[in-house]
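As a plain string of letters, each chain reads:
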Amino acid sequence: MRGAVGISVLISVLLGFCESLFRLQDSILEGVESAFEQSRISDSKDSAFSAA
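Here the structure is a predicted model, which means the values were calculated and not measured. (Residues numbered from 1 in each chain as written. Predicted model: local features only at pLDDT ≥ 70, side-chain atom pairs only at ≥ 80, totals over all residues. Heavy atoms only, no water.)

Enquirer: Help me out: how do you make sense of the overall build of the protein chain in this one?
Expert: Looking only at helices and strands, the protein chain features one helix and zero strands. For the protein chain, with 52 residues in total, the buried portion stands at 0%. Total accessible area on the protein chain stands at roughly 4,800 Å², and carbon and sulfur atoms take up 68% of it. (Helix = DSSP H or I, 4+ residues; strand = E, 2+ residues; numbered from the N terminus. Buried < 20%, exposed > 50% of the residue type's maximum accessible area, 1.4 Å probe, protein only. Areas by Shrake-Rupley, 256 points an atom, 1.4 Å probe, with all protein chains shown as cover.)

Okay, here's the thing in structure tokens:
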């Protein structure tokens, strides 16, 4: 019986870990997207300077 309790605890811990990992992945993706947009904006500024 103790083994079953340990397995259920392990499963709940794994589920919680996966959930936090998904949230972390979402925040990382948002950060990457915003950084990519900022780099695109700076690239367009650089190309405008070089064209002028």
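Moving on from the model shown.
Enquirer: Which parts of the structure should I look at to understand a negative patch on the surface?
Expert: Together, Asp26, Glu30, Glu33 and Glu37 make up a negatively charged patch on the protein surface. Tracing the backbone through its elements, the reader meets Glu30 in helix α1 (residues 2-51). (Patch = residues over 30% accessible without salt bridge, like charges linked within 9 Å, V, L, I, M, F, W, Y side chains within 5 Å. Salt bridge = Lys/Arg side-chain N within 4 Å of Asp/Glu carboxyl O. Lys, Arg positive; Asp, Glu negative; His and termini not counted. Charge placed at Lys NZ, Arg CZ, Asp CG, Glu CD.)

Enquirer: What is the right way to look at a nonpolar patch on the surface in this model?
Expert: A contiguous nonpolar patch, built from Phe17, Leu21, Leu24, Ile28 and Val32 and spanning about 490 Å² of accessible area, is present on the exposed surface. The topology assignment puts Val32 in helix α1.

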